[in-house]
Amino acid sequence: MVDQAAQILGKGGFNLKYVVKSGQDPPEGASADGTSLKTLGYGWRPRTDTLTSGFSSLNFNPKKRGAKKLMERQLQTEEDIRKLFEIIDVTRRDIIARIAELYDPMGFWEPVKLQLKLRLRPFNNTPWDAKISDEQKSEWAAIFTIFLKIPDLKVDRSVVHEEALLDSF
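Below, the structure is looked at part by part.

Thresholds applied
Residues numbered from 1 in each chain as written. Predicted model: local features only at pLDDT ≥ 70, side-chain atom pairs only at ≥ 80, totals over all residues. Heavy atoms only, no water. Salt bridge = Lys/Arg side-chain N within 4 Å of Asp/Glu carboxyl O. Helix = DSSP H or I, 4+ residues; strand = E, 2+ residues; numbered from the N terminus. Buried < 20%, exposed > 50% of the residue type's maximum accessible area, 1.4 Å probe, protein only. Core = buried A, V, L, I, M, F, W, Y, C linked by side-chain atoms within 4.5 Å. Contact = heavy atoms within 4.5 Å. Pairing = 2+ DSSP bridges. Axes fitted to C-alpha atoms, helices over the stretch in contact; angles between N-to-C directions.

1. Focus on the pattern of salt bridges
With the rule as written, the count across this model stands at nine salt bridges. Note that R82 and E79 form a salt bridge whose closest N and O atoms lie 2.2 Å from each other. Of this pair, R82 and E79 both sit in helix α2 (residues 78-87), three residues apart, roughly one helical turn. Taking relative accessible area as the criterion, R82 reaches 37% and is therefore assigned partly exposed. For E79, a relative accessible area of 34% puts it in the partly exposed group. The shortest N-O distance in the salt bridge between R98 and E101 comes to 3.3 Å. Assessed through its relative accessible area of 5%, R98 is described here as buried. Put simply, E79, R82 and E86 are held in one network by salt bridges that share partners.

2. What about the nonpolar core?
When a protein is soluble and globular, its nonpolar side chains tend to lie buried together. Residues L58, F85, I95, W140, F144 and F147 are the most contacted members of the largest nonpolar core, which totals 22 residues. Only α2, α3 (92-100) and α5 (134-143) provide two or more residues apiece to this core. Excluding its chain neighbours within four sequence positions, the residues that come into contact with L58 are M71, L75, I81, R98, F144 and F147. One finds L37, W44, L51 and W109 within the second-largest nonpolar core, a separate group that totals five residues.

3. Let's talk about the pairing of strand β2 (residues 42-45)
Relative to β2, strand β1 (residues 37-39) runs antiparallel, the two sharing three bridges. Looking across to β2, one finds that L37 is bridged to W44. The hairpin turn running from β1 into β2, its antiparallel successor, is two residues long, and L40 in that turn takes a positive phi close to 55°. In the sheet, β2 pairs with strand β3 (residues 50-53) via four bridges, with the strands oriented antiparallel. Within β3, the residue paired with G43 across the bridge is T52.

4. A closer look at the sheet that holds β2
Pairing in this open sheet of four strands is antiparallel, and the strands run β1-β2-β3-β6 from one edge to the other. Looking at strand neighbours, the two that pair on one side only are β1 and β6 (154-156), the edges of this open sheet. Across the sheet, the mean angle from the axis of one strand to that of its neighbour is 35°, orientation sign disregarded.

5. Things to note about unusual backbone geometry
Residues apart from glycine generally show negative phi values, whereas peptide bonds are mostly found in trans. In this structure, L40 is a non-glycine residue whose phi angle is positive, near 55°. Positionally, L40 belongs in the loop between β1 and β2. Using a relative accessible area of 58% as the deciding quantity, one classes L40 as exposed. The phi angle at D49 is positive, at roughly 55°, despite the residue not being glycine. Tracing the backbone shows D49 in the loop between β2 and β3.

Okay, structure coming up:
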């Protein structure tokens, strides 16, 4: 069936690079780490058929020409986030931009994003580039520790009830 699909797609000018199947590791060259690949903004582990967030780390550097320079030191602990918030100016725009970086077209992480958005209510009438207070910085530093756990979240890509009967083609 894969060969037939590849042949039909080829007639339309679409050539398949790789075919990846659930329950198997990706073909060599399809994955940087040999176990996962990116699809629709998510990380997909075909062997376990699970999706993870495509979000990798917090980065407060500004975008230049559409890309962000990597931070000199990655934020890996709550203490790292707290220290960063002590030395940088944080604005409403910065906070909203970090929340918006959680790209989630299927809505798996929407409960997390919703909680973060609800905490933005005190900023409703605040100018975009106004610096937030030290008290708010401390509060948001604690809130942003959630971002440290997001790369570890995973969901099953396909959920089939154990009693469901599947006919093969």
